[in-house]
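These are the residues of each chain, in order.
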Amino acid sequence: MSNLMTLALQTAKYLMIVLMVIYTFQSFAVFARTGAQAKDMVFLRQDVCIFILHFLAFFVLFLKTMDMQLIIFYAEQCLYLAFALLLWRNLYPRASRLLINNMCLLLTIGMIMITRLSYDWSVKQFTIICAGSAIALVIPVIIRKLSFITKMTWAYVFVGIGVLLLVLVAARVTNGAKLALTVGGFAFQPSEFIKIVFVFAVAGLLSGAAGDMRRIIVATVLAAVHVLILVISTDLGSALIFFVTYLVMLYVATRNPFLVSAGLISGAAAAVAAWFLFGHVRVRVSVWLDPFADYANTGYQISQALFAIAAGGWFGTGLYDGSPTAIPYVAQDCMFAAISEELGAVFAICLILICLSCFIMFINIAMKLTNRFYRLVALGLGTTYAMQVFLTIGGTTKLIPLTGVTLPLVSYGGSSVLSTLIMFAIVQGLYMLRVDEEKENEKERERTGDLPGTGDPA
Amino acid sequence: MRKKEKGQGTFRVREIRLDTQEQPQGPADRTRNTELVIITYVFVLLFALLVGTMVWLNTVKHTALVQNVNNTKKDSAADRIIRGSIVTEEGAELAVTNVDADGRETRYYPYGQMFAHVVGYASNGKGGLEASMNYDLLSTHSSLLSQLRSEESSEKVHGDSVVTTFNPVLQEAAYYALGSNRGAVVVMEPDSGKILAMVSKPDFDPNTISQEWESMMADSASSALLNRACQGRYPPGSTFKILTALGYLRAHPTDWNNYYYDCQGAMSRGDITINCYNWEVHGGEDLEGAFAHSCNTAFASIGLELDNAQFKSLAESFCFNTSLPTSLPHSQSVFRLEAGSSEEEQMTTAIGQGNTLVTPLHMCMIASCVANGGIMMKPYCVSRIQTYDGETVSETTPSIYKELMSADEAQILTQFMKATVNYGTAQELGWGWYSAAGKTGSAEYETEGATGTHSWFVGFSNVDDPDLAIAVIAEDGGTGSATAVPIARAVFDAWYGS
């Protein structure tokens, strides 16, 4: 009996890795496929992978805990996945299915790991995912129908700076940083949402600013105010994300590499200044250089994360056979290490590549858009997403100092998952706008007699 | 409809490549997106770095991370694996887990205190090999069959054994010779780097450490847990003259033989006076004589003559101010002499006082380097990992750290060290039926107002084809010849059979 169980657990473990590799391969292979049917097949295969992966994981979780609650929870999650996939597909047939699939897979991986870490957390997280997905479903309509959202630049600026100031003044200190506001019993992290507002604000400020130095200066000053407030709140991860997002948007809006170089140099100068000014910055850097020097205190989190990654090896210990709970704030900051430990480095590397595939899709959408505002929004959201992934995974693997930001859609945290769902929905809305634009172009071409020029034999 | 969908599907990769003629829009669009393409490449690069880091952590860094002393991940494996044994190459057990009829496990150390620091302990935290080899002791490479058999009968699997390089005969001799002295003895094989014995005192009994933990922690003065052989840092005293002599040989490659010094028992420079031990007057002597008699005044004057920067780079080539080439946990030795250092520092540093601090392991490596014709080997004490059934899992092969001096230089220093035994300060070793060479040291120290003299000896046996290199330090043992030399002799005697 015990042998049979071991065999089942081991088989499930390796099958999950195989499925993850297949899925990841598909999410890049799709870029090379041209036929709509071929693409449909790819997406279908991906959906099958998600469901089997989800099943196998919960099969293991159940075998390990023999907790009946998990069966019901599993059924609920299956329903959610089925609904999410079907609703997006049917309500928005022209939405990017790659993004939908990636979103579902990342949520699934998150739910698997959070359930393994704590059942209570996972129930909370799942509730927020359901609510967030419902909100996300209406966002593409808003993007398409309400064009005045492109003209509310100053509202975004005031909301952004206002809320960040409020956090600075009123937030309680958790984990050494002022991050969370409590409203009506719910603690939430406004900076997660302000990221989106910030991207809209910068897009508004920069969309007509090419060559207009005064507008560029205004935009830069306002962006700097955001970043400064975050630095003072000691939310260094968010500050870095805002900073890089602004630089990238500035670069694309002005097409001026000198401005970006100047930005990078002043950013580096600011980082050096921060090192001298703030004790906690110095601590972060020295911990990054040698986490074992002050192992018991400041170096503990990153050391445990590294031990977890090493303990997992290429194929992981298997769910419940590692000890990811030894990492402080594992579900928020170090989800990637927990995944590496129990699901293995191969699985974790696939996860990195899937996040990359999301980013490439975001940029692709930006490329196809001609409206400067929407274009900058798609780019900005893509950059915040990619930066956040880079900061959290790079931090957990000690490539860069650990800043304690979440892995979007995977980490535990209501604000993070909700804001990322909204972000993905906005990009989907833009993607559909792109299709609208293209349709108009096509009409235009038909009228003028131009060939569509896609080179498709059909 | 289908055509539209197709158009919708084709753009993506082409947009990124930007090299195809099948662009749905014109060349203006292509340049329009240049910045976006650059941004994409930047992030693709960043993500590639992330993947690279994951690969790096799981290949290059993997062993170091899983074996890190702070890593307790493996401890949970104790639920299904019986901690492996630590044994010697001859098969003597140094640490073994006994399982009684009820399945209760106890870790037993047959040699008790004798191997306390090197083998370590596995309760109240971990130390020594129990800590550094924890991962291997709790891993199993037993055949799948025997693992399945154990699982079938719900028995635990035996972890792998760690085979050490230690020689119980030498360890025992060193342990008893050091007696009630505080200090350390390190013995290694010069041509391989194998550590044959390593004793540190005061010590503790790993069998009873959990009972005695409280009182040991309370007694901060004796710091019994500290492995003085690797982590104790002492002024090297006259044993450092090996490197000072080497410095002189390098400054005078052709005419060092003409060295002559007339020792009056003391020399003054400014308001600093350096005297020979007990104000002994050595009279006229050559370099060999100065070395053999450990003449402080002669070496202090050499110190004044040597170029500080060169002297420092010589010491640093011998691993001062850096980590030793070994995986044994150890402290860094210190050598402080700068271009602008005072004459006092020059003189005291040359005779191994000053600000220089060294670990016994480090001194043993230096003696071993001379014995091995100038080639320093990387010291190690785990010769292989084997399964419970004795099949080799992995093996350590001796490896060269560097050739730190020429064979000629090693030959001259050997001659000096032999003279020390023949007519110098280590004559007690000259009476044996084996040949020996070495250097004594009487390292004066001052801590919190208290002064004293540590007794040092470093050297090697069977000079023509050295078998053993040794470093002995006895805290407050007085002169090298008083305490350390007899200890070294006891160890050599045990090896060659008295």
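Numbers given to residues run from 1 along each chain, matching the order in which its sequence is written. Lettering for chains starts from A, numbering for ligands starts from 1, and both go in the order in which the items are written. Local features are withheld for residues below a pLDDT of 70 in this predicted model, meaning they are given only at 70 or higher, and side-chain atom pairs are given and counted only at 80 or more; totals for whole chains, interfaces and linings count all residues. To obtain the side-chain values, all non-hydrogen atoms of the structure were used and water was disregarded.

Enquirer: Just give me the short version of the overall build of chain A, but keep the residues and values in it.
Expert: By the criteria applied, helices consist of DSSP H or I runs no shorter than four residues and strands consist of E runs no shorter than two, each listed in order from the N terminus. Secondary structure assignment for chain A yields 16 helices and 3 strands. Rg of the C-alpha trace for chain A: 23 Å, near the compact-globule value of 23 Å for 458 residues, within the 12% margin. In terms of overall dimensions, chain A has a C-alpha envelope of 70 × 65 × 40 Å along the principal axes. The cut-offs for exposure are 20% and 50% of the maximum accessible area for each residue type, with area from a 1.4 Å probe on protein chains only; residues under the lower value are buried, those over the upper are exposed, and the others partly exposed. The proportion of buried residues among the 458 residues of chain A is 59%. Two residues qualify as a contact provided that any one of their heavy atoms is within 4.5 Å of a heavy atom in the partner residue. Long-range pairs, those at least 24 residues apart, make up 73% of the contacts in chain A with a sequence separation of at least 6. In this description, accessible areas are obtained by the Shrake-Rupley approach with a 1.4 Å probe, and a residue is regarded as covered only by the protein chains that are shown. As presented, chain A carries roughly 17,800 Å² of accessible surface, and 70% of it is formed by carbon and sulfur atoms. This radius of gyration counts C-alpha atoms alone. The globule rule is 2.2 Å times how many residues there are, raised to the power 0.38.

Enquirer: Can you tell me about the sheet that holds strand S2 (residues 86–88) of chain B, naming the residues and giving the values?
Expert: Strands in a sheet are paired, the pairing made by backbone hydrogen bonds, and the direction either parallel or antiparallel. Residues and elements named next belong to chain B. The 6 strands lie next to each other as S4-S3-S2-S6-S14-S15, forming an open sheet whose pairing is mixed. Each edge of the open sheet is held by one strand with a lone partner, namely strand S4 (105–108) and strand S15 (392–395). Taken pair by pair, the neighbouring strands of this sheet meet at an average axis angle of 25 degrees, ignoring direction. Pairing between strand S3 (residues 93–99) and S4: 4 bridges, direction antiparallel. Its bridge partner being in S4, Thr97 is matched across the sheet by Arg107. The pairing criterion for strands is at least two bridges between them, as found by DSSP. Note on definitions: angles span 0 to 180 degrees between N-to-C directions of axes, and those axes are lines fitted to C-alpha atoms, for helices only across the stretch in contact.

Enquirer: Can you lay out the pattern of salt bridges for me, pointing to particular residues and giving the numbers?
Expert: All names here are of chain B. What counts as a salt bridge is simple: a side-chain nitrogen of Lys or Arg found within 4 Å of a carboxyl oxygen of Asp or Glu. Counted under the stated rule, the structure contains 19 salt bridges over all chains. Note that Lys194 and Glu89 form a salt bridge whose closest N and O atoms lie 3.6 Å from each other. On the criterion of sequence distance, the pair formed by Lys194 in the loop between strand S7 (183–188) and strand S8 (195–201) and Glu89 in the loop between S2 and S3 is long-range, its members being 105 residues apart. Note on Glu89: relative accessible area 34%, which makes it partly exposed.

Enquirer: Could you give an account of the packing of aromatic side chains, with specific residues and numbers?
Expert: Any two aromatic rings considered together are summarised by their centre-to-centre distance and by the angle between their planes. Residue and element names in this part refer to chain A. Here a pair means two rings of Phe, Tyr or Trp (six-membered ring of Trp) with centres within 6.5 Å. Their orientation is stacked below 30 degrees between planes, edge-to-face above 60, and tilted elsewhere. Per the counting criterion, the structure on display carries 42 aromatic pairs over all chains. Here the aromatic rings of Trp275 and Phe276 are separated by 5.1 Å at their centres, their planes lie at 90 degrees, and the arrangement is edge-to-face. Residue classification places Trp275 among the partly exposed residues on the basis of a relative accessible area of 34%. Among the residues examined, Phe276 registers a relative accessible area of 57% and is labelled exposed. Look at Phe362 and Phe424: their rings are 5.2 Å apart centre to centre, the planes differ by 70 degrees, and that puts the pair in the edge-to-face class.

Enquirer: Which residues make up the sheet that holds strand S17 (residues 436–447) of chain B, and what are the values?
Expert: Residues and elements named next belong to chain B. A sheet is described by the order of its strands in space; here 5 strands give the open sequence S8-S7-S19-S18-S17, paired in antiparallel fashion. Bordering the open sheet on either side are S8 and S17, each of which pairs with just one other strand. Across the sheet, the mean angle from the axis of one strand to that of its neighbour is 10 degrees, orientation sign disregarded. Bridging between S7 and strand S19 (residues 469–474) involves 6 bridges; their strand directions are antiparallel. Among the inter-strand pairings, Val187 is bridged to a residue of S19, identified as Ile470. Here helix H17 (residues 360–371) sits on the sheet in contact with S7, S8, strand S18 (450–461) and S19, set at roughly 150 degrees to S19.

Enquirer: Residue-level account of the side chain of Lys241 of chain B, with values.
Expert: Residues and elements named next belong to chain B. The topology assignment puts Lys241 in helix H12 (residues 241–251). Lacking a salt bridge, the buried Lys241 has Glu285 as its closest oppositely charged neighbour, with an N-O distance of 9.0 Å. Within the local environment of Lys241, its side chain forms a polar contact with the side chain of Asn296, the two groups lying 2.6 Å apart. Non-local contacts of Lys241, meaning those with residues more than four positions away in its chain, are made with Phe291, Ser294, Cys295, Asn296, Phe299, Ala350, Ile351 and Lys439. For the charge count, each Lys or Arg is scored as positive and each Asp or Glu as negative, with His and the chain ends excluded. Polar contacts, as counted here, are pairs of nitrogen or oxygen atoms within 3.5 Å of one another; within protein the pair requires one atom able to donate a hydrogen and one able to accept it, and residues that are adjacent in sequence qualify only if both atoms are side-chain atoms.

Enquirer: Tell me about the nonpolar core, residues and numbers included.
Expert: For the purposes of this section, nonpolar cores are sets of buried Ala, Val, Leu, Ile, Met, Phe, Trp, Tyr and Cys residues that join through side-chain atoms within 4.5 Å. Among the nonpolar cores identified, the biggest contains 176 residues, and Leu379, Ile426 and Leu430 of chain A together with Phe43 of chain B are the most heavily contacted of them. Looking at this core, the element that brings in the most residues is helix H14 (residues 345–368) of chain A, giving 19 residues. In terms of domain composition, this core takes at least three residues from each of domain 1 (1–145 + 285–439) and domain 2 (148–277) of chain A. What Ile426 of chain A contacts, discounting residues up to four positions off in sequence, is Ile139, Ile143, Ile196, Phe200, Val377 and Leu381 of chain A. Within the second largest apolar cluster, 111 residues are counted, among which are Ala229, Ala245, Phe299 and Val485 of chain B. Domain segmentation is taken from an automatic or database assignment of domains.

Enquirer: Would you mind going over the domain arrangement of chain A in detail, with residue names and values included?
Expert: Residue and element names in this part refer to chain A. Split into domains, chain A comes out as domain 1 (1–145 + 285–439) and domain 2 (148–277). For domain 1 and domain 2, the distance between their C-alpha centroids amounts to 25 Å. Counting residues at the interface gives 28 residues for domain 1 and 27 residues for domain 2. Joining two parts hides part of their accessible area as seen by a 1.4 Å probe, and the buried area is that hidden amount summed over both. Together domain 1 and domain 2 conceal approximately 2,500 Å² of surface at their shared face, both sides included; 77% is due to carbon and sulfur atoms. Looking only at domain 1, the three residues that lose the most surface to domain 2 are Phe373, Leu376 and Ser415, adding up to 25% of its buried area. The interface formed by domain 1 and domain 2 holds 4 residue pairs in polar contact (both at pLDDT 80 or more) in total. Elements with a minimum of two residues in the side of domain 1 that touches domain 2: helix H15 (372–396) and helix H16 (414–448). Among the elements that line the side of domain 1 that touches domain 2, the one with the most residues is H15, at 14 residues. The residue classification treats Ala, Val, Leu, Ile, Met, Phe, Trp, Tyr, Cys and Pro as nonpolar and Asp, Glu, Lys and Arg as charged. All others, Gly included, are polar. Of the residues contributing to the side of domain 1 that touches domain 2, the split by class is 16 nonpolar, 9 polar and 3 charged.

Enquirer: How would you summarise the environment of Leu106 of chain A if you had to cite specific residues and measurements?
Expert: Residues and elements named next belong to chain A. Inspection of the secondary structure assignment puts Leu106 in helix H4 (residues 97–117). Each C-alpha atom, one on Leu106 and one on Leu407, is 9.6 Å from the other, the two residues being 301 residues apart in sequence. Excluding residues that lie within four positions of it along the chain, Leu106 makes contacts with Leu351, Ile354, Cys355, Cys358, Tyr385, Leu409 and Val410.

Enquirer: Mind laying out the side chain of Asn71 of chain B, listing which residues take part and the relevant values?
Expert: Among the structural elements, Asn71 of chain B can be located in the loop between helix H4 (62–66) and strand S1 (81–82). Engagement of the side chain of Asn71 of chain B in a polar contact is seen with the backbone oxygen of Leu65 of chain B, the distance being 2.9 Å. Within the structure, the side chain of Asn71 of chain B is placed 2.9 Å from the backbone nitrogen of Lys73 of chain B, a separation counted as a polar contact. Setting aside anything within four residues of it in sequence, one finds Asn71 of chain B in contact with Phe307 of chain A together with Leu65, Val66 and Asn134 of chain B.

Enquirer: Go over H17 of chain B with me, naming the residues and quoting the values.
Expert: Residue and element names in this part refer to chain B. The span you would expect from a helix comes to 1.5 Å times its residue count less one. The first and last C-alpha atoms of H17 sit 16 Å apart over 12 residues, in line with the 16 Å expected at 1.5 Å per residue. In terms of burial, H17 is a largely internal element, 12 of the 12 residues being buried. Those residues of H17 not exposed but buried are Pro360, Leu361, His362, Met363, Cys364, Met365, Ile366, Ala367, Ser368, Cys369, Val370 and Ala371. One or two steps after H17, the chain reaches Gly373, where phi turns positive at roughly 70 degrees.

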